[in-house]
Amino acid sequence: MPEPSTVRTTLLSLTLVTSSLHAQADLDSLRRIAHDRSRPDSVRFRAYHDLVWDGYLFSDPDTAYTMGRWLQREARLKASGTYDARASELMAASWYVRGDLRAALLHYDTALALHERNNDDDGYADVITNAASMRSYLGEHERALAMYAEGMAIHERIHDSVSMANDLNAMGRVHMVRGDHVRAADLYMQSLRILEAMGDMRGMSTGRSNMGALFQNQDDHAAALGYFREALHLAEAVGDK
């Protein structure tokens, strides 16, 4: 999961990954734009958000949290509900990177309330599915599945196929952890069909990895290796190290 593409990013387990980092020159450009008061607030805030995500979140989450607080204060001064919500998402992500899912969920709750107030269905759906992943890792599987279902209903309504595929993947993982391998396989395959229709090779690689993990859990090592090899081939084809 929102305008900044990085907010919606997902993978088979938790959702806070980014496909690539900006080069240093791009980070310097984002920094200049973020602090250029002559630019519109929406432009500055987006640059600052992307600077935090790509430049600090995964390498220095403490600083990312502090920068998220700054964005929150600025957004509130300028009455920007959108970036008030996204600042909460940044702070949540910084706690996730540091391994404190409970603290992350508190900030996600704030972001959800703001997205709801802003009538931002896209932002709401992305946040609730991020939070669902954390609930699932805390063992709250029923609650996580209900949250995924809510997010997916919105993604389906706004025709966001990528997010729908990610939601199906994530729900499949929950069912796999619970031992319902039949349901997990069905959800994984639904996700794969969407990704294949879109030609999303990176997503197809993740989906095949999931299927490999499912068969590995069933001690069907031959089938697992087959899916893992297909996943590796697709990852190599798109240069996804």
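These numbers come from a predicted model, not from an experiment.

Membership of the largest hydrophobic core comes to 25 residues, with the highest contact counts inside it found for Tyr-108, Met-134, Tyr-148 and Met-171. Of all elements in the fold, only α5 (101-117), α6 (121-137), α7 (141-157) and α8 (161-177) reach the threshold of two or more residues within this core. Broken down by element, this core gets its largest block of residues, 7 residues, from α6. Setting aside chain neighbours within four positions, we find Met-171 in contact with Leu-145, Tyr-148, Ala-149, Met-152 and Leu-187.

Running from N to C, helix α10 (residues 201-217) and helix α11 (residues 221-237) cross one another at 165°; their axes reach a closest spacing of 8 Å. When the interaxial angle is binned, α10 and α11 end up roughly antiparallel. In this structure, α10 crosses over α11, and the sense of that crossing is left-handed. Each of Met-201, Met-204, Ser-205, Arg-208, Ser-209, Met-211, Gly-212, Ala-213, Phe-215 and Gln-216 in α10 lies in contact with α11, whose residues at this interface are His-221, Ala-223, Ala-224, Tyr-227, Phe-228, Glu-230, Ala-231, Leu-234, Ala-235 and Ala-237. Of the residues assigned to the contact of α10 with α11, the class counts are 13 nonpolar, 5 polar and 2 charged.

Before going further, it helps to spend a moment on the environment of Ala-222. As for its placement among the helices and strands, Ala-222 is situated in helix α11. Judged by its relative accessible area of 62%, Ala-222 falls in the exposed class. Remark: the alpha-carbon pair of Ala-222 and Gly-212, spanning 10 residues in sequence, is separated by 9.4 Å.

Using the criterion set out here, one finds 5 aromatic pairs in the structure. With centroids separated by 4.4 Å and ring planes inclined at 40°, the aromatic side chains of Tyr-48 and Trp-70 adopt a geometry described as tilted. In this pair, Tyr-48 is assigned in helix α2 (residues 41-57) and Trp-70 in helix α3 (residues 61-77), connecting sequence segments 22 residues apart. A relative accessible area of 5% means that Tyr-48 is categorised as buried. With a centroid separation of 5.9 Å and 75° between ring planes, the pair formed by Trp-53 and Phe-58 is classed as edge-to-face.

With the rule as written, the count across this model stands at 15 salt bridges. Across the salt bridge formed by Asp-84 and Arg-76, the nearest N and O atoms sit 3.1 Å from each other. Taking relative accessible area as the criterion, Asp-84 reaches 6% and is therefore assigned buried. Between Arg-178 and Glu-142 there is a salt bridge, with the nearest N and O atoms lying 2.4 Å from each other. Separated by 36 residues along the polypeptide, Arg-178 in the loop between α8 and α9 (181-198) and Glu-142 in helix α7 bring together distant segments of the chain. The exposure class assigned to Glu-142 is exposed, which follows from its relative accessible area of 52%.

Conventions we followed
Residues numbered from 1 in each chain as written. Predicted model: local features only at pLDDT ≥ 70, side-chain atom pairs only at ≥ 80, totals over all residues. Heavy atoms only, no water. Core = buried A, V, L, I, M, F, W, Y, C linked by side-chain atoms within 4.5 Å. Buried < 20%, exposed > 50% of the residue type's maximum accessible area, 1.4 Å probe, protein only. Helix = DSSP H or I, 4+ residues; strand = E, 2+ residues; numbered from the N terminus. Contact = heavy atoms within 4.5 Å. Axes fitted to C-alpha atoms, helices over the stretch in contact; angles between N-to-C directions. Parallel < 35°, antiparallel > 145°, perpendicular 65-115°, else oblique. Left-handed = near helix turned anticlockwise from the far one by under 90°. Nonpolar A, V, L, I, M, F, W, Y, C, P; charged D, E, K, R; others polar. Phe/Tyr/Trp six-rings, centres within 6.5 Å; stacked < 30°, edge-to-face > 60°. Salt bridge = Lys/Arg side-chain N within 4 Å of Asp/Glu carboxyl O.

Just geometry here; none of it tells us what the structure is for.
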